[in-house]
Amino acid sequence: METTTHYELADDSYVIIGGAFPRCNTLVVMGDETIVVDPGCAIEELRRFLNGIDLSLNDIDTIVLSHIHPDHIVHATRIHRLSRCRIAANDITAPLFNDKEKMKEFLGFSRSNPVRPLWERLVNEKMYGALDDGRCDEILSNGDKFSNGNTTLRVLYTPGHTPDHMCIELLEPNLVFGADIDLTEFGPYYGHPNSSIDEFRNSIRLLKEKEYTGIVSGHLPNPLVTDYSGALDAYEHQIDLREDLVLLAIQDGARSIQEVTGNPIIYPSLTDPVFLQFETWMIEHHVKSLEKRGFIVRRNEHLIAL
Ligand SMILES: [Zn+2]
């Protein structure tokens, strides 16, 4: 039985638990407006929550998107059709949300990628609606603030996961919605050609420097992490563990990325070509990092450990 429910973060701020991919946790901030950040939880859970406070999906005033991933944007267009709410995102996310062909290219699934139809099928089966073209009404920039009753939201750019990823700070309860800096055991996800391990590390460190009361994870079933400094360290450490495994595979004789992924590191029980694509992109980032750090070289297209 599904146990999805909501979690009260502070007066007027709630998380509707979506949990692991292909869903995500959805932040709801009540005030002058009803603001929804990342509508990726089950839509019936969001509806039930709103009904519980005598509102409906039609009463949503604003949707904020943390980044363009299908699991975070999935219900945005449908809610917009019902409520005519405004949709706000940063200047990278907005054009991708408006034109999903651009989004596909941004995520590495241009028409030339043979995995594209399988990825589209995954999105349509698990995140139906995410590939509908939408319309962003408002562009958010780093540091932009908007007050909503007792709560002020502020945008914090945190690229790396994707170039457009941002967190949403809740100033009065002094929390931050971390979106996909999600503190899961899996660790950071950087499985697109334009993801960046270095930028992800910088974004993790940026959160670590702040003195929040807690980080709200975009995917943990218990979303609020108050003692987050150690959690961020452990989360970042997953990157080091993976990089060690990639180096070990090359030391053991894997000469190409394909040979490294033959014994998958990121998704050990990998069975699906879409996840093999994600694995491949993540390993490619590690190979680049190992090259840059002088642990490996490429000779005649072969990876060689030094
Ligand atoms: Zn994401």
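Residues numbered from 1 in each chain as written. Predicted model: local features only at pLDDT ≥ 70, side-chain atom pairs only at ≥ 80, totals over all residues. Heavy atoms only, no water.

Engineer: Outline helix α8 (residues 228–251), listing residues and values.
Structural biologist: For α8, which comprises 24 residues, the first-to-last C-alpha distance of 35 Å matches the rise-based estimate of 34 Å (1.5 Å per residue) to within 8%. Three or more residues of α8 are buried, namely Y228, L232, Y235, E236, I239, R242, E243, V246, L247, A249 and I250. A positive backbone phi angle near 115° is found at G253, which sits one or two residues after α8. (Helix = DSSP H or I, 4+ residues; strand = E, 2+ residues; numbered from the N terminus. Expected span 1.5 Å × (residues − 1). Buried < 20%, exposed > 50% of the residue type's maximum accessible area, 1.4 Å probe, protein only.)

Engineer: Tell me about the nonpolar core, and name the residues and values.
Structural biologist: Counting 76 residues, the largest nonpolar core has L46, I60, I63, W119 and F278 as the members making the most contacts within it. Taken together, domain 1 (6–226) and domain 2 (241–305) each give at least three residues to this core, which thus spans both. Grouped together as the second largest cluster of nonpolar side chains are 21 residues, V29, L140, L153 and L170 included. (Core = buried A, V, L, I, M, F, W, Y, C linked by side-chain atoms within 4.5 Å. Domains from an automatic or database assignment.)

Engineer: A description of the pairing of strand β2 (residues 13–16) should follow, citing residues and the corresponding values.
Structural biologist: Side chains of β2 alternate between two faces, with S13 and V15 and Y14 and I16 buried alike. Looking at chain direction, strand β1 (residues 6–10) and β2 are connected through four bridges and run antiparallel. Within β2, the position partnered with H6 by the bridge is I16. Adjacent in sequence and paired antiparallel, β1 and β2 are bridged by two residues, among which D12 carries a positive phi angle near 75°. (Pairing = 2+ DSSP bridges.)

Engineer: Account for the sheet that holds strand β6 (residues 86–90), naming residues and giving values.
Structural biologist: The strands making up a sheet associate through backbone hydrogen bonding, with each pair oriented either parallel or antiparallel. What the seven strands build is an open sheet, ordered β1-β2-β3-β4-β5-β6-β7; its pairing is mixed. Each end of this open sheet is capped by a strand with a single partner; those strands are β1 and β7 (138–140). Strand-to-strand, the axes of this sheet are offset by a mean angle of 25°, without reference to chain direction. Bridge count between β2 and strand β3 (residues 26–30): four bridges; the pairing is antiparallel. Counted as the bridge partner of I16 is T26 from β3. Across the sheet, helix α1 (residues 43–52) touches β1, β2, β3 and β4 (34–37), and the angle it forms with β2 is around 145°. (Axes fitted to C-alpha atoms, helices over the stretch in contact; angles between N-to-C directions. Contact = heavy atoms within 4.5 Å.)

Engineer: Outline the pattern of salt bridges, listing residues and values.
Structural biologist: In this structure the tally under the stated criterion is 19 salt bridges. In this structure, D137 and R135 form a salt bridge, with 2.7 Å as the shortest nitrogen-oxygen distance. Judged by its relative accessible area of 36%, D137 is partly exposed. Salt bridges sharing common partners tie together E101, K104, R111, R116 and E120. (Salt bridge = Lys/Arg side-chain N within 4 Å of Asp/Glu carboxyl O.)

Engineer: Lay out the domain arrangement of the chain in plain terms, naming residues and giving numbers.
Structural biologist: Each assigned domain of the chain is listed with its residue range as follows: domain 1 (6–226) and domain 2 (241–305). The gap between the C-alpha centroids of domain 1 and domain 2 is 30 Å. The interface is formed by 20 residues belonging to domain 1 together with 14 residues belonging to domain 2. Approximately 1500 Å² of surface area, both sides summed, lies buried where domain 1 meets domain 2, with 67% of it carried by carbon and sulfur atoms. Broken down residue by residue, the surface that domain 1 buries against domain 2 is led by F186, Y190 and I197, which jointly contribute 33%. In this structure, the connection of domain 1 to domain 2 is made through one salt bridge. (Buried area = accessible area lost by both parts, 1.4 Å probe.)

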